Every structure is written in structure tokens, then in C-alpha cells.
There are 4 protein chains.
Amino acid sequence: MAGNTFGTLFKLTTFGESHGEAIGGILEGCPPNLQLNLEAIQQEMDRRKPGQSAIVTQRKEADQVRFLSGVFEGKTTGTPIGFVIFNSNQKSGDYDHIKDSYRPSHADYVYDKKYGIRDYRGGGRSSARETACRVVAGAIAKQFLSNLKFNAFVSQVGSITLNKPYQELDLSLTETNPVRCPDPATAAEMEAHIREVRKEGDTIGGVITGVIQNVPIGLGEPVFDKLHAQLGKAMLSINAVKGFEYGSGFDGVRMKGSEHNDAYKSDGTTKTNFSGGVQGGISNGMDIYFNVAFKPVATLIQPYETIDKKGETVQTKGKGRHDPCVVPRAVPIVEAMAALVLADFELLNRTIKS
Amino acid sequence: MAGNTFGTLFKLTTFGESHGEAIGGILEGCPPNLQLNLEAIQQEMDRRKPGQSAIVTQRKEADQVRFLSGVFEGKTTGTPIGFVIFNSNQKSGDYDHIKDSYRPSHADYVYDKKYGIRDYRGGGRSSARETACRVVAGAIAKQFLSNLKFNAFVSQVGSITLNKPYQELDLSLTETNPVRCPDPATAAEMEAHIREVRKEGDTIGGVITGVIQNVPIGLGEPVFDKLHAQLGKAMLSINAVKGFEYGSGFDGVRMKGSEHNDAYKSDGTTKTNFSGGVQGGISNGMDIYFNVAFKPVATLIQPYETIDKKGETVQTKGKGRHDPCVVPRAVPIVEAMAALVLADFELLNRTIKS
Amino acid sequence: MAGNTFGTLFKLTTFGESHGEAIGGILEGCPPNLQLNLEAIQQEMDRRKPGQSAIVTQRKEADQVRFLSGVFEGKTTGTPIGFVIFNSNQKSGDYDHIKDSYRPSHADYVYDKKYGIRDYRGGGRSSARETACRVVAGAIAKQFLSNLKFNAFVSQVGSITLNKPYQELDLSLTETNPVRCPDPATAAEMEAHIREVRKEGDTIGGVITGVIQNVPIGLGEPVFDKLHAQLGKAMLSINAVKGFEYGSGFDGVRMKGSEHNDAYKSDGTTKTNFSGGVQGGISNGMDIYFNVAFKPVATLIQPYETIDKKGETVQTKGKGRHDPCVVPRAVPIVEAMAALVLADFELLNRTIKS
Amino acid sequence: MAGNTFGTLFKLTTFGESHGEAIGGILEGCPPNLQLNLEAIQQEMDRRKPGQSAIVTQRKEADQVRFLSGVFEGKTTGTPIGFVIFNSNQKSGDYDHIKDSYRPSHADYVYDKKYGIRDYRGGGRSSARETACRVVAGAIAKQFLSNLKFNAFVSQVGSITLNKPYQELDLSLTETNPVRCPDPATAAEMEAHIREVRKEGDTIGGVITGVIQNVPIGLGEPVFDKLHAQLGKAMLSINAVKGFEYGSGFDGVRMKGSEHNDAYKSDGTTKTNFSGGVQGGISNGMDIYFNVAFKPVATLIQPYETIDKKGETVQTKGKGRHDPCVVPRAVPIVEAMAALVLADFELLNRTIKS
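All residue numbers refer to positions counted from 1 along the written sequence of the respective chain. Chains carry letters and ligands carry numbers; both start at the beginning, A for chains and 1 for ligands, and go up in the order they are written. Only residues with pLDDT of 70 or above have their local features reported here, since the model is predicted, and side-chain atom pairs are shown and tallied only from 80 upward, although totals for entire chains, interfaces and linings are computed over all residues.

- You'll find chain A entered in an unreviewed UniProt entry as Chorismate synthase, with Muriicola soli given as the organism.
- Of chain A, the UniProt comment under Catalytic activity (unreviewed entry) reads exactly: "5-O-(1-carboxyvinyl)-3-phosphoshikimate = chorismate + phosphate".
- The record in UniProt for chain A states the following under Sequence similarities (unreviewed entry): "Belongs to the chorismate synthase family." UniProt positions are given in the numbering used here, feature names are shortened, and annotations may be inferred rather than shown by experiment.

### Quick word on the overall build of chain A
- A count of helical and extended segments in chain A gives 7 helices and 17 strands.
- C-alpha atoms define the radius of gyration in this analysis, and the globule rule sets the expected value at 2.2 Å times the number of residues to the power 0.38. Rg of the C-alpha trace for chain A: 21 Å, near the compact-globule value of 20 Å for 354 residues, within the 12% margin.
- C-alpha extents for chain A along the principal axes are approximately 65 × 50 × 35 Å.
- Across the 354 residues of chain A, 67% fall into the buried class. The way it works is that DSSP assigns letters per residue, a run of H or I at least four long becomes a helix, a run of E at least two long becomes a strand, and they are numbered from the N terminus. Counting other C-beta atoms within 10 Å of a residue's own tells you its class, since 20 or more makes it buried, 12 or fewer makes it exposed, and anything in between is partly exposed; those C-beta atoms are placed from the backbone.

### Concerning the interface of chain A and chain B
- By definition, residue pairs are in contact when their C-beta atoms, positioned from the backbone, come within 7 Å. In this assembly, 91 residues from chain A lie in contact with 91 residues from chain B.
- Residue assignment for the side of chain A that touches chain B shows that the elements contributing at least two residues are β1 (5-6), α2 (108-115), β11 (206-213), α5 (227-236), β12 (241-246), α6 (257-260), β15 (288-294) and β16 (303-308) of chain A.
- Here the side of chain A that touches chain B gets 6 residues from one element, more than from any other, and that element is α5(A).
- In the scheme used here, Gly and all other residues not listed as nonpolar or charged are polar, with Ala, Val, Leu, Ile, Met, Phe, Trp, Tyr, Cys and Pro taken as nonpolar and Asp, Glu, Lys and Arg as charged. Classifying every residue of the side of chain A that touches chain B by side-chain character gives 35 nonpolar, 38 polar and 18 charged.
- Pairing of β12(A) with strand β12 (residues 241-246) of chain B involves 3 bridges; the strand directions are antiparallel. Within the sheet, the bridge partner assigned to A:G243 lies in β12(B) and is B:E245. Following DSSP output, two strands are said to pair if at least two bridges run between them.

### Quick notes on the interface of chain C and chain A
- With 34 residues of chain C at the contact, the number on the chain A side is 34 residues.
- The set of elements that each furnish at least two residues to the side of chain C that touches chain A consists of β2 (11-15), β3 (22-28) and β7 (81-86) of chain C.
- Broken down by element, the side of chain C that touches chain A gets its largest block of residues, 5 residues, from β3(C).
- Here the side of chain C that touches chain A is built from residues that sort into 14 nonpolar, 14 polar and 6 charged.

### What about the relation of the copies chain A and chain B?
- Our superposition of the copies is a least-squares fit, built on the C-alpha atoms of residues whose pLDDT is at least 70 in both. The operation relating chain A to chain B is a screw motion whose rotation component is 180°, with 0.0 Å of axial translation and a residual RMSD of 0.0 Å. Each copy turns onto its partner about a two-fold axis.

### Considerations on the relation of the copies chain C and chain A
- Superposing chain C onto chain A requires a rotation of 180° together with a translation of 0.0 Å along the rotation axis, leaving an RMSD of 0.0 Å.
- In this assembly the copies share their binding face: 100% of the residues contributing to the interface of chain C also contribute to that of chain A.

### Some words on the pairing of strand β11 (residues 206-213) of chain C
Residues and elements named next belong to chain C.
- Within β11, 7 of the 8 residues are buried, leaving the element largely enclosed by the surrounding structure.
- In this sheet, β11 lies alongside strand β9 (residues 149-157) in antiparallel orientation, the contact comprising 8 bridges. Looking across to β11, one finds that Q156 is bridged to V207.
- With 7 bridges connecting them, β11 and strand β15 (residues 288-294) associate as antiparallel partners. Across the sheet, the residue bridging to I208 is V292, located in β15.

### Concerning the sheet that holds strand β7 (residues 81-86) of chain B
All names here are of chain B.
- Spatial ordering of the open sheet is given by β1-β2-β3-β7-β4, a layout of 5 strands whose pairing is antiparallel. The two strands at the open ends of the sheet, each matched to only one other strand, are β1 (5-6) and β4 (66-67).
- Inspection of the sheet shows β1 paired to strand β2 (residues 11-15) by 2 bridges, in the antiparallel sense. Opposite T5, over in β2, you have T13 as the bridge partner.
- Helix axes are fitted to C-alpha atoms over the stretch in contact, other axes to C-alpha atoms as well, and angles between N-to-C directions run from 0 to 180 degrees. Contacting β2, β3 (22-28) and β7, helix α3 (residues 131-144) runs over the sheet at an angle of about 30° to β3.

### Here we look at the environment of B:T131
Residue and element names in this part refer to chain B.
- Summarising the element assignment, T131 is placed in helix α3.
- Separated by 16 residues in sequence, T131 and Y115 have C-alpha atoms that sit 22 Å apart.
- The contacts of T131, once residues within four sequence positions are left out, are R48, I238, N239 and I333.

### Description of unusual backbone geometry
- Following C:P222, the chain continues to C:V223 via a peptide bond in cis, the omega torsion being 15°.
- Positioned with a positive phi, B:S105 is a non-glycine residue whose angle comes to about 55°.
- Locating B:S105 in the fold gives a position in the loop between β8 (101-102) and α2 (108-115).
- Here the phi dihedral of C:N33 falls at roughly 70°; this positive angle occurs in a residue that is not glycine.
- Turning to its location among the elements, C:N33 is positioned in the loop between β3 and α1 (38-48).
- Its 14 C-beta neighbours within 10 Å are what place C:N33 among the partly exposed residues.

### Observations concerning the UniProt feature "binding site: FMN" (unreviewed entry) in chain A
All names here are of chain A.
- The sites that UniProt annotates as "binding site: FMN" (unreviewed entry) are R125, S126, S127, N239, A240, G280, K295, P296, V297, A298, T299 and R321. The largest pairwise C-alpha distance within this set of annotated residues, which runs over 197 residues, is 44.0 Å, so the set is dispersed in three dimensions.
- Locating S126 in the fold gives a position in the loop between α2 and α3 (131-144).
- Residue classification places S126 among the buried residues on the basis of 26 C-beta atoms within 10 Å.

### Focus on the UniProt feature "binding site: NADP(+)" (unreviewed entry) in chain A
- Feature annotation in UniProt places "binding site: NADP(+)" (unreviewed entry) on A:R48, given in this structure's numbering.
- The residues contacting A:R48, other than those within four sequence positions of it, are A:T131, A:A132, A:V135, A:R329, A:P332 and A:I333.

### Examining helix α4 (residues 184-199) of chain C
All names here are of chain C.
- Its 16 residues place the ends of α4 23 Å apart at the C-alpha level, agreeing with the 22 Å of an ideal helix rising 1.5 Å per residue.
- Within α4, burial applies to T186, A187, M190, E191, H193, I194 and V197. Mapping the buried residues of α4 onto a view down its axis gives an arc of 165°, with all of them on the same face. Away from its buried face, by an angle of more than 90 degrees, α4 presents the exposed residues A185 and K199.
- On its buried face, α4 sits against β9 and β10 (160-161).
- Of the residues flanking the end of α4, it is G201, one or two places downstream, whose phi is positive at about 70°. Here the expected length of a helix is defined as 1.5 Å per residue gap, with one fewer gap than residues. Comment: arc refers to directions from the helix axis out to C-beta atoms.

### Let's talk about the pairing of β16(A)
All names here are of chain A.
- As paired elements, strand β8 (residues 101-102) and β16 share 2 bridges and run antiparallel to each other. Bridge pairing in β16 places Y102 opposite I307.
- Relative to strand β17 (residues 313-317), β16 runs antiparallel, the two sharing 5 bridges. Residue pairing across strands places I307 opposite T313, the latter belonging to β17.
- Taking the residues between adjacent antiparallel strands as the criterion, β16 and β17 are bridged by 4 residues, where G311 takes a positive phi near 85°.

### Structural notes on the sheet that holds strand β3 (residues 22-28) of chain A
Residue and element names in this part refer to chain A.
- With respect to topology, 5 strands assemble into an open sheet ordered β1-β2-β3-β7-β4, the strand pairing being antiparallel. Strands at the two margins of the open sheet, each flanked by one partner only, are β1 and β4 (65-67).
- Relative to strand β7 (residues 81-86), β3 runs antiparallel, the two sharing 6 bridges. Across the sheet, the residue bridging to I23 is I85, located in β7.
- Sheet strands in contact with α3 are β2 (11-15), β3, β4 and β7, and its direction is about 30° off that of β3.

### Looking at the packing of α1(C) against helix α3 (residues 131-144) of chain C
Residue and element names in this part refer to chain C.
- Here α1 crosses α3 at 140°, and the two axes come no closer than 9 Å. When the axis of α1 is compared with that of α3, the two are oblique. Regarding α1 and α3, the two cross each other, and that crossing is right-handed. Where α1 approaches α3, its residues A40, I41, E44, M45 and R48 are matched on the opposing element by T131, A132, V135, V136, A139, I140 and Q143.
- The residue inventory of the contact of α1 with α3, partitioned by class, reads 8 nonpolar, 2 polar and 2 charged. Any angle from 65 to 115 degrees is called roughly perpendicular, while one under 35 is roughly parallel, one over 145 is roughly antiparallel, and all others are oblique. Note on convention: near helix rotated counterclockwise from far helix by under a right angle means a left-handed crossing. Clockwise means right-handed.

### Remarks on the packing of α3(C) against helix α7 (residues 327-350) of chain C
Residue and element names in this part refer to chain C.
- It is at 7 Å that the axes of α3 and α7 come closest, and there the two elements cross at 55°. Relative to α7, α3 is oriented oblique. α7 is crossed by α3, and the crossing has left-handed handedness. Across from T131, R134, V135, A137, G138, A139, A141, K142 and F144 in α3, the residues of α7 making contact are P332, I333, E335, A336, M337, A339, L340 and A343.

Below, the structure is given as C-alpha cells:
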């Protein structure tokens, strides 16, 4: 299996299955002499972890990260940062019912076909549990890029949409409600909707908006590793993501060039920002903003029909403790991946100075 | 500058500026003993090249690809395929007016800030001319993956939308009109709109839909190099792209899990395909389909105000021969990038057989 | 810090410092459905571990490897294999005397200068302890390449040389003596020499010869990743290595082409094998053989003079438990690295089949 | 075919066969705003090219490099530098006699077995002609690292050895004789020997010594990409190389630690330099020196027996214009590869500053 590494210089490689002994990772390239705030890292972990509110899964996972290398007397040494998160609360028994059958819109079937073997305890490698490792590394990336501000928030749940541009929102309110939507009224609506959906044993999709501020000019490596291309890949690599757009996005299609072009002010900033902070794949110093679409979670607590390994129809029912809507817990993951992308470009950018 | 390579094993590295002596590339990893159809490669080049119809730029570029290595007596040898396309029709004079000023929503400003130097003749490295190299490599990828079908077409221009799912379209009609929309009536509307916009010296955005058929099960390398993540990056790396979605995409957000889940038939195919042919980052054998949003081209043939290197306001006007709408010519580029993505995953997949 | 990864597809990334909490690694690309013999892996670890005989360091390290992922019901799953080895016997106190001074011919000085910070407890990241991770991964590579035979043995200690070509030796005797030299008489001489040197608190260099048998034709990726180039890099990356030669090596320089060329037999094998099993960077099916030169260990149990951080002269004396000669314990490391090189080429070779 | 790229950031990818239309490469990562001395680059090419003296091959190849991108108004722009060297003097007819047979100790046989197809005109991809591309890139690396001094010279031809340490030589004499040995008396002996060998239609091996001076402290990326490991790989990737050693090398094996350790002076330099300028894989500011062993060229102008594709014995005789001894022309290649290695480490080193 290739594809376990993200980044070129600020580089994260992860391992681990949802119900194995541990998950973990190696973060390479973090410059030495960075004073790590371990508490802040754990805080990010806590934003992602299950059980934090009534509208997310009630699984209990401590998600305690343990650093094994690369940190000495509180500072990074420049050597690879190895870390593990032991899986303390695996209830593998919850998964016996899916051992021989394939859950619809899960990865069970394709893993079996691709690898000829599958760790059927939960999602195995395909579980979103793996994203805990990304949050660890992303939290370090945020500390490395301490001048930048990474904000993500929920802007849509099902058909409930936050109809305000991010500039009109008070982003400091994001963490004040379990949905992580910075507009309290909309957040309440979203929360009610998620509760309702959960009662039905059903799930619902959502959108997360990301905003990155104080970005220096010059990050991004065209032609293939354009800032927004790498950012898009980062987001699309998160479980359940179906779409990515930045700046004017899909709406920009309807505009004419004369409306869409961002006119310069004399200081090099632009009067509008349809570009979303990126020109030709390189940051231009304006805010980077983007939307990430998440599908409804595939695990339902309802009876359903599916097939087993022999192709025969089986009746089953989702068990276990699952999220009715993934976006509230995915907010820190979006921020983490954004931070990893920019940290990598920051390091690459250092190599071109004369 | 990093970021000039796409792919891990089926790997393209490109070089070249729009107004330099030549552009070109090196394609590594193409298996040996593949009989190359050079005419088919040139045909793909011709689909992308300027001047092919009244609604695209009237620049004349022969875009003749010349293979320098890796092919012997018509077959690939397994060694890297080096190729060049000489720039025969550079009118660098067209660009003197932008030597010291920054065109809005172009990469001029960020290249200058990032590199401290800029080849101001056209877009230089940031020009979409570079995509000609991708079409060469993509055409070879298509021949390598001769069982798969790569179809892309224009599904939106400005606000004119093709309101049919791809299954109801006759995709063989795509090449019968200059817009490359497989629905003749919508195509005519789109063409008229582009002509109108061009008359105003303005430009307009569009959407390309891609469909990949006959995909084997098992392509894609989670967790970071999920099939759709790599496909999204591929698309977002194309000039002017602002968004990517696959399967149910942004619309899927509004659905409940019970609606969105794709139930299995006994043969492992699914009754619906909201997943878009990808589960957990791995192809499941169903059609892969996706949308790519393109912004309106930034170069207008209208007077506009911008700033020069000193930050002073200058009045200028787009000159040269530019596309009023980029999507018709971008169709073969979308197909090429999709083919490169899948060829790479096909090679990676070969490494896991026991 | 870059450079923690070895291999392109069969890929090992390691982390860890000698006196941190743990060392470990992630092995990617091992094909699924390989039945792992965990005992055989631990056996390789035991060959490398300290304290196994009177002529190696008397440090006690259990070197128990713990697999955290990628293995399910005894078989590889195709997902990354994460593993850790906890550092149970760190006597960091042993190193207080070097906290502020630089040991001659160690990496202390350059780490401080490069990173501006140093984990001074032992070698930190530069310690040969890291090679334990290589042995884990190499042991898996051996099982993956179960048809090939990897043999390494000590062929020189100081000036005592094993003056026989490997074909005249019984390589099964290698493990019958603590020196790991397959010729009992020479082994006894070497052992006596090492004991003598140790008594003086001094150390001595050595040579390990590697032999790989049953290699399939076609492994190696010219032009830069030639089999012997990658093998050479692998060996030179082992601590204390100063030289590498394969086939006729440095002696071949004195030969004429008419003597050195390996004439073909009708079955494609060659009558002689000065080439060392590699032609143009690709295996030709003959035995691969090579020599690896190790310098004398830098840590002496003698008084010596060196400088501290301020450049001032300090008198000190090596403490702790160190190897008087590194080659006996390095034999399994040489085999492990050779196995990693060939496993990677085996996977790469799978990608060129038509 | 993988393996066509050298370097991580200062990165060269090459293409081309000896008798194809052209060879060439793409050099990525060279920082912008470097004023390129094109004449100096061509000079390096001329040092490598055939026909420059009586003791090298009399083939005539202009070896004129043509830059296609990445350079604007004489300066690098930061974009990839594409270049080609057209093959003007291919006498493919010279090779008809080997179309169906395998030359001993050449790559003919393994290429056929590995790829199932072979460009039999000369060595094809396995020809040393490819190294011309390395010299182009290496010449740019030298200009990028203008403070460092890269010197290589011939220190052995057959059994004729230059018995002086490099410190006692006047390296400015290297280019004053066709052998490229800085000691005129030894050079004359070597030249006579090569002439003699050539008369017999035979060939002879040799050793090149490389010396790199003014190296900053801190280059190299342990644990796998140690400076000397990458340097060793670079050298071993050059055609005909059989061995590499640095610092004390294979001779160091015989020394005791107390003799071999390099004691520090108060300024951090060392009194001796058995380490060869590298500690723990990182440069320590002392001179880096190393030896590279080249086997005798395999192409003889003598009758010989070999096998054809069917395994049947054929009588043949080397034709064409070949080198009787490869080391004089390989001197600039050794320097080029060394420069590429250090340029890459210089860029990597920039990424760790806090």
C-alpha cells in the first residue's frame, strides 16, 4: 500500500487500523528548536475525539498521544517525531456481524477485492480513526506556522446553510456550540436537525468552510503542486469528502471575467478576493478560503440489505456508536490538513532564496 | 521550483515557458512493448490546440510533438520517453505592455514576489501552454489503459447548464460541435453565449464533466492518495480550475445516508452510484464521474486599470489572441490528467500481488 | 531532517533516538497475504542485539519488537506495518560527561552545528541503535523474498583477512562463532584479536562480505538507481561504514578487459563472475557479492582530550559499554539492508510487465 | 523504468539513448537569479566529450547543449531547466553485428530479459553517453555552489598508482595532460600504458580520486541519506564503477580507534582527517575526499565468442570507436555528480533554519 505519506518536506506518514493495537505516525521535516506546546496538541485531539457532545458518536476513546522521539527537553530536535495513540476502547465484538458481508458505501468490498484480505474489525485502515494522526501532525504544523490563523467551521448541514460570507462572522464563536458553526442561530437549527436525523438511525451530510489568514506571499509549487491543488488533495483525502472548491469556486463559473478579476490596490492587495488568496497556484497574501463537502455517514442504525462474500443477500443492521453527521468532528481535521499543506510549502519556499 | 512532476510510477515531469524555445517533458514508467499510435497522440494535441474553431483563441501554434527517446521501431522500450514541442509562433512583442505591470487575476505578481524574477513574455511557466505536455503524456496513458474509456465534455458555460445526467447523453456527439457539449441544442446555446461574450472583449467560466468507464476494481492508494484525492489534485492543477466534485459531490450534502448509500447487487455492482465509482479511495468498478469548475479567463480585451512594479496605477488593455471561454479546449486536458492518474494507480496496483 | 526513508515501494521510514522512549518504524509496500514468521524476525533482532557474546558490548537491551498495525491473524494486510522497540535499558547518566563536549569522530559536533540542538544522551539519532529498525524491516523483506538467500559474514578484522573466495567457504558456519566468520580457524584468530584490543580499551575495524544467491534476472533501475548503486548507498548508510565494492571491486581496476569480461555460457549464465551478478545496474542471475568496510568504533575506554562547546580543551574518558569491533553485530544489518534493496527492486520490476 | 532522477530538491531527471535523436534532461530546484555562465557549462561538456585526445575514443560528438527553458536573459528563473543534446554523429551501422547477440559484460542481455525489448544501437539507455546530461546539470550545480571547489583526478590506471596524498599534489596540473593525473611523471606512465593496451585492442581499469574543499558544516541527511551514502550512490551510478570509499576507506579497517579518531582543535577543525570530511553522515567542514574504482571497459577490438538470442555461440569482434580506459573522460562526471549531491544537501539544509 502506497499513499501513507503526505507532504514533501514537512512530511507525515501514518500507520494503524481502527481496531489494531495502536495508530501513529512519523512527522519528518519539522525544523529544530521549536518549543512544542503539548497541551495545545492534546486540545486539538480533544476537538476531534468521539464522545465530546450529544450529537457525535458516544464511543469513548481517550486519544492520548504519546511522543516517542524527536522532542528533547520540550523542543523539537530536527529528527523525526514518532508518535503513537494506543487504541484503548476497541469493541471488536461490535463488528462480527460484518465479518463476511460488505456494508454499502463503505470500503469493505474494495479492500477485499484489492488486497485479498481485510481487517474486518471496523473500517480497519479505511476508518476515520486514522485522521487522529493527522490532527497531531497538524497541531505541530500550526505551532510551526504560528503567525498564520487556521479557522474552519461548519457552514452547512443537510439543507441548512449558513448564508453569510466568513467576513461577517465572528469566528471565535465556532467552539461555543457542538456543531462548530460560528452563527449561534444557525448552529441551533443544525443541531436540532442532527438530533432528529439520529433519532431515525439516519445520517446527514455537511459542508466545512476553511479560512486561512496572514498567509505570506509565495507559497505553492506550480505547475502540479499548486497551493489549491495540494489543499484540494488534502481535503479530498479526508474520509467522506466529495468535493472541494476555493475562492469563487463553482459559483465563479457564472461570472464574467470583468466581474471576477480582482483589481489591485497600490500595496499589492486586491479589492475583491474571488481568487481565494491564490493566483496561478501561489498564495498572494489575501485570505485563503475554501469549502469541503462531506457525504452523509454510511453507517446507519437501521436494518438494511446487502451482500456477503459469496454475493448472497443478507439482512443486517448497523450496530456500534456512530456519528449521525461527520462535520462537527471534522473541523479540526480540515484545519490540520490545511496546516500541513502550508507548512510543507513554507519549507519548500525556503529553498529558492539566493 | 518543485512541483513539476505528476505521478509516482507512471510519472510525468514537464518543463517550459509559453514563449521560451520549447516546452516538453519526460514520461517515466510507461511499460515496454507498448505499440504507440503516434497519430492518435497528435489528434489529442489537435483537440487542445489554439485556432481550431471560431470560439477559441486565434493564435496559431502547430503543437507538433517530437519524441526524442524511449520509443524504438514504434514501440516503447521501458526507458523514459523524452519529448519536446517547439514554440514556433511566439509573438513576444504582444507582451511588452505587461513587462512592468501586473495583470489582475494572473500569476504575474506572485511569480515576481516568489522568485524575484519573471519571464514576462506571456504567462511564462504559469501559462496554460504547459498543458500541451500533459496531453502528450495523457494520450500515451490512454493507449496504455486501452480498455478504459475516458470521456470529458462541457456541461456548463456561464449560467447555461446541461441538465441531463451523463447516462442520458450520447457522448459520441461531444466532438461534433466546437463547444464540446454532447447535447446539440445546449451546445448551440453555449456557443452563442461565448460569441456574445467575446464581442464584449469579456470572458466566461464553465464546467467540464468527466466520465471514466470500464475501470477495474482496486485502483487508488489510501489513505492520502485516494483515487478521488489524486484525481482532484490533477484537475485542480489545470489552469483556471476553482473546484472539483465527484459522485454526488456538493449536492450529496443534502442527502440522508439512507438515500445516499449505494445498495449492492449480487455481482458486487451497485444499484445507484452516488459514490461515483470510488469507495474509501479505491475504484469499485462502477463509472467514475466528476465535475471540474473553471473560472472565466482573466485576460480581457478591454481597458483596465492595474498596478506596476512600483505600485503605481497604470491604464492598459489586453492584447493578443485569447480564449473567451477556456472549457472547450480544456476537455482533452481533463481526459489526459484522468488517464495519468489511473495509469499511475494501475502500476501501483501491480505491486501488491502475492 | 530528511533522509529517514529507504526505498521507493518497499519503503522503510524510521524514527527514534538511542535514549528516547522508543525507536520504531513504518514499513510500507509489503504485499498483503504474506504469512509472517514473527519468531524469525525476533531471531534476526537477537543476532544484532548487544550482550550476545563476550566480544560485543555488554549493554543489555531486550530489543523486543512490537507490531502495531499491518498484520492481521498472522498475515500482512497490505497496510503499513508500524512497529516499535521500547528503550528499556537507557542509562542516560552514562552520558553526562559528554553533554557539553564533543567526542572525536562522533557526530556530536556536526549535529550541534547543523540543528542548533542535540540530544546528548548517547548518539541520539546518530546512534547505531537505529539499525535495529532496519533489521526488523529487513527480516520481513527476507520472508517476502523467500527464494533468495542472503548471507553476510565477517571477512576481515584489522589486518586478519579471510583469504578465501566465498565459494570455498561453508557459509552455514557463520553463526557458529561470535565473530561470524565462516572459517573457524580465522574466526578464532579474529576473536583473539578483538579481545586483545578490548583489553587496551581500544577498537578495531573490519570488513563484512555479503553474498546474495538465487537472484532473479532483471532487478535494478538504471540509470541512477542501479542495483549496485542502491546497494552501495544502503551499506554506506550503516553506521561506521567507509567503503563499498562489488564484484571485482577495487582489484578489478588492475585487470584488462580481456581478463575481466565474463563470457557467456549457452544458458545465459557466465563462466566467470567479475561483474558480481550485476550488469549495467541490473541483476543477471549470477551471485551478487560485495564487501563493506567498517572503521574502528570511535568510542574508546581510554582517556582522551577533546573540546567543549566553547572550544576549550577538556580531558575525558569513554564510559559505558561499547563494542570493541562493530562487524560481528553488523552482519545481520548488512543482510537486512540487502534484503530491503532487493525487495524494493522486486516490486518495481512488477510494474513493467505488459 | 524508474531511477531516472537524482536528487530530492536540486533534482535532475534524464532521458535518451546513445543512438536516439537526442539525450537531455530537466533540472529542477536550481534557485532563481543565478547568472549562468554558459561557456563554463560547455567547457565541462568538452572535458567529457569523445575525441579530445589520442587516448580516448575517436568518435566525434559535438555535445552541444541547448537550453530550452528555465533561463531568461542569462539568469535562472526558478522554473525547471530543460535541455537537450542532439545526437549528431550516430553511426548506427556500427552496431548491426550485435543486434542479435549479447556482448559480454555489457547490459545487452539484462535489458533484453528485463524489458523484453532492446534498442540495440550501441548501449541504448545503458550507454555512458547519458552521463553528458549529468555534466550539464553538475556544471550548473558548481555555479550554484561557487564557494566550493570540486576537484577530481586520475590516481590509478591498471597497476600504476599515484602514491601521494592529494595534499601533496598540485591539482591545477590535472588538466595539463590527457590522462588527467596531476603528477606529470605518473601521468606519462599512465598514458604510455593506455596506448599500449589500446594497441592490443584491449582495455584497462582505473581509479579517480575526488576532493571537495570549502564545504560548509552541516550538509547531509542521516540516517539513510548520509552525505557519504548519497555520494557513494552517485559515484556507483556512473557507468563501469565497481567501488567507492571515502576518508580512510578500506585501509581504515586495519587501524585502531586510537589511531583513527580525529582529534579536535579549538576551532572545531580536526588535526587529522581520516573521517574524510564527514561525521555521522554530515559534513564537518574538513575536505571531503574519496576514491572511485572503474573496471576495464568491456568493449574490446578483438575477436571474441559470445551467445545470441537463441543461446547459440557466435564469433564476433568489437567494432566502432571506444575508450581503452574510461577514467580520463570520467573525471568531469565524478565532479558533476559530487556537485549535484552537495547542491541537493545545500537546499535541504535551508529548510531547517528556525
